[in-house]
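Spelled out from the first residue to the last, the chains are:
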Amino acid sequence: MLIFIIGLLMGILSGLAIGGGTLLVPALIYLIGTEQHVAQGVSLAAFIPTAVVAIITHYRQGNVKLKLALYLAAGSLIGAVLGSLLANNLDAQVLKKVFGYFLIGMGIYEYGGKSKLEKIKEKEVPKIRTMGNVMPLQKPLKKRSKSQKNLIKPDSSKN
Amino acid sequence: MDNIVKLGAIGIITGIVNGLLGIGGGTILIPAMIFLLGEKQHKAHGTSLAIILPTALVSTLIYKYNNYLDLNLSLKVASGAVIGGYLGAKLMNKLPAKSLKKLFGVFMIVAGLRMVF
């Protein structure tokens with residue numbers, strides 16, 4: 001029953017787009033006593049049925065760009081094999097630490113920010129900087145389309 | 001060509017995070033699509049799911065192969081998560097999402113610190 005409730009809470013958070021999935025792994029470890037690798041496996045497997053339902057909804061609303069998804073999935077499938085093999089060969093204690101660091105980073109991002117996505121529109125400069133630090137992916141690339149230039153502008157001032 | 005490199009890099013990083021940490025990867029993919037590829041947020045959200053689903057499937061299979069998959073536990077969590085996901089989406093406009101984000105951000109930092117130390 002406790003497991004079901006954990007799932008329910010994580011589902012609600014994910015539905016709210018708060019990234020509840022990230023909290024599922026520590027919840028399983030500390031509330032149920034699941035081993036690190038197994039907790040991550042559960043997180044992955046439990047995501048699948050939830051995602052199927054969500055994709056159908058998004059697809060009907062015309063929010064799935066299939067071609068783009070295909071290109072990105074090509075890379076992410078390779079990454080998944082590499083990442084999973086690496087995780088499965090790491091000691092549970094080491095993997096737990098790696099996860100912990102990621103969680104701290106995500107927590108800072110979540111606290112300071114996912115609302116940054118909205119704030120970008122308001123062109124609020126200082127907070128976007130913190131995101132650049134937490135999410136290295138968002139460092140500006142040299143070539144950008146016009147639309148992207150507008151989005152990233154505040155961030156590029158720092159570099 | 002430049003674009004293909006960008007797409008490939010975003011994809012591979014998303015996949016590695018997915019497999020290594022067992023979490024979706026949407027937290028990386030969605031902002032990457034918005035900021036680096038200039039996609040709109042709701043399109044990025046929908047498209048990211050279509051990328052993460054097959055990615056999670058591959059990762060799950062590798063975890064299963066290495067005996068790190070507890071199917072029974074996964075089913076229990078998933079049954080809660082499906083119902084919760086529906087409730088969450090329904091409640092989206094009725095709950096104070098901003099303060100919830102801050103609250104769970106703190107949860108994450110605390111849980112993360114406990115895992116590291």
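Since we're looking at a predicted model, the values are computed, not measured.

Rules of the game
- Residues numbered from 1 in each chain as written.
- Chains lettered and ligands numbered in written order.
- Predicted model: local features only at pLDDT ≥ 70, side-chain atom pairs only at ≥ 80, totals over all residues.
- Helix = DSSP H or I, 4+ residues; strand = E, 2+ residues; numbered from the N terminus.
- Buried ≥ 20, exposed ≤ 12 C-beta atoms within 10 Å, placed from the backbone.
- Contact = placed C-beta atoms within 7 Å.
- Nonpolar A, V, L, I, M, F, W, Y, C, P; charged D, E, K, R; others polar.
- Expected span 1.5 Å × (residues − 1).
- Axes fitted to C-alpha atoms, helices over the stretch in contact; angles between N-to-C directions.
- Left-handed = near helix turned anticlockwise from the far one by under 90°.
- pLDDT = per-residue confidence, 0-100.
- Parallel < 35°, antiparallel > 145°, perpendicular 65-115°, else oblique.

As a further point, take the overall build of chain B. Scanning chain B for helices and strands turns up five helices and zero strands. When its helices and strands are written in sequence order, chain B yields α-α-α-α-α. C-alpha atoms of chain B, sized along the principal axes, occupy 45 × 40 × 35 Å. When burial is assessed residue by residue, chain B has 57% of its 117 residues classed as buried. Pairs at least 24 residues apart make up 39% of the contacts formed inside chain B by residues separated by at least 6 positions.

To continue, consider the interface of chain A and chain B. Each partner contributes to the interface: chain A provides 90 residues, whereas chain B provides 86 residues. Elements that contribute at least two residues to the side of chain A that touches chain B include exactly helix H1 (2-15), helix H2 (21-32), helix H3 (36-60), helix H4 (66-89), helix H5 (92-113) and helix H8 (146-156) of chain A. Counted by class, the side of chain A that touches chain B contains 57 nonpolar, 27 polar and six charged residues.

Turning next to helix H1 (residues 2-21) of chain B. In a regular helix each residue adds 1.5 Å, so 20 residues correspond to 28 Å; H1(B) covers 29 Å between its end C-alpha atoms and thus fits that length. Immediately downstream of H1(B), the backbone of B:Gly22 shows phi near 70°, a positive value.

Before going further, it helps to spend a moment on the packing of H3(A) against helix H4 (residues 71-91) of chain B. A pair of packed helices can be characterised by two numbers: the angle between their axes and the separation between those axes. Two elements in contact, H3(A) and H4(B), have axes separated by 8 Å at closest approach and are oriented at 35°. Note that H3(A) runs across H4(B); the crossing there is right-handed. Across the interface between the two elements, A:Val42, A:Ala45, A:Ala46, A:Pro49, A:Thr50, A:Val53 and A:Ala54 from H3(A) touch B:Leu73, B:Ser74, B:Val77, B:Ala78, B:Ala81, B:Val82 and B:Gly85 from H4(B). In the contact of H3(A) with H4(B), the residues fall into 11 nonpolar, three polar and no charged.

What follows deals with the environment of A:Thr34. Within the fold, A:Thr34 resides in the loop between H2 and H3. Leaving out residues up to four positions away in the same chain, A:Thr34 has contacts with A:Leu28, A:Ile29, A:Ala39 and A:Val42.

To continue, consider the confidence of the model for chain A. Residue and element names in this part refer to chain A. Here chain A averages 78 in pLDDT, while 68% of its residues score no lower than 70. Taking the mean pLDDT of every element in chain A, the minimum, 46, falls on helix H7 (residues 125-134) and the maximum, 96, on H4. Here residues 121-139 is a poorly scored stretch, pLDDT under 50, and it has 37 contacts once near neighbours within four places are set aside; other chains count. In the model, residues 155-159 has pLDDT below 50 throughout and makes 10 contacts with residues more than four positions away in sequence or in other chains.

A few words on the packing of H2(A) against H3(A). All names here are of chain A. Axis separation between H2 and H3 bottoms out at 9 Å; the angle between their running directions is 140°. Judged on the interaxial angle alone, H3 and H2 are oblique. When the axes of H2 and H3 are compared, the crossing they make is right-handed. Together, Gly21, Leu24, Val25, Leu28 and Ile29 of H2 and Gln36, Ala39, Gln40, Val42, Ser43 and Phe47 of H3 make up the contact between the two elements. In terms of residue class, the contact of H2 with H3 is made up of seven nonpolar, four polar and no charged.

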